[in-house]
Amino acid sequence: MQSALLILAPIALLGVALVLAKGLYHFTQEGDEARRSSNRMMRWRIALQFVAVILLLAVVAISGG
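Residues numbered from 1 in each chain as written. Predicted model: local features only at pLDDT ≥ 70, side-chain atom pairs only at ≥ 80, totals over all residues. Heavy atoms only, no water.

Asks: I'd like to hear about the packing of helix α1 (residues 2-28) against helix α2 (residues 32-63), residue by residue, with values.
Replies: Two quantities define a packed helix pair, namely the angle between the axes and the distance from one axis to the other. The N-to-C vectors of α1 and α2 enclose an angle of 160 degrees; their axes lie 8 Å apart at closest approach. Taken together, the axes of α1 and α2 are roughly antiparallel relative to one another. At the point where α1 passes α2, the crossing takes the left-handed sense. Partitioning the contact of α1 with α2 into residue classes produces 22 nonpolar, eight polar and two charged. (Axes fitted to C-alpha atoms, helices over the stretch in contact; angles between N-to-C directions. Helix = DSSP H or I, 4+ residues; strand = E, 2+ residues; numbered from the N terminus. Parallel < 35°, antiparallel > 145°, perpendicular 65-115°, else oblique. Left-handed = near helix turned anticlockwise from the far one by under 90°. Nonpolar A, V, L, I, M, F, W, Y, C, P; charged D, E, K, R; others polar.)

Below you can see the structure in the form of structure tokens.
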């Protein structure tokens, strides 16, 4: 269990970073579709951040720290 969390936590953090980068890229584009896409990416970022925080808290709890 602990090894799975140690693998999933960095993957979740990388996912947050990638979605943030993609959302910022769409934010710099012009047009309504780019704006909607940017908003959608930022909503995904918030959801992924929630998952990443939960995973990190689980890692800390399991490791006894």
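After that view of the structure, there is still more to cover.
Asks: Describe the pattern of salt bridges, naming the residues involved and giving the relevant values.
Replies: With the rule as written, the count across this model stands at two salt bridges. The salt bridge involving arginine 35 is made with aspartate 32; its shortest N-O contact spans 3.3 Å. One end of the pair is arginine 35 and the other is aspartate 32, both in helix α2 and three residues apart, which spans about a single turn. Across the pair, aspartate 32 and arginine 35 agree in class, each one exposed. The salt bridge partner of arginine 36 is glutamate 33, with a shortest N-O separation of 3.4 Å. With arginine 36 and glutamate 33 both in helix α2 and three residues apart, the pair spans about one turn of that helix. By relative accessible area, which is 46% here, arginine 36 ends up partly exposed. (Salt bridge = Lys/Arg side-chain N within 4 Å of Asp/Glu carboxyl O. Buried < 20%, exposed > 50% of the residue type's maximum accessible area, 1.4 Å probe, protein only.)

Purely spatial values, then, with no claim about function.
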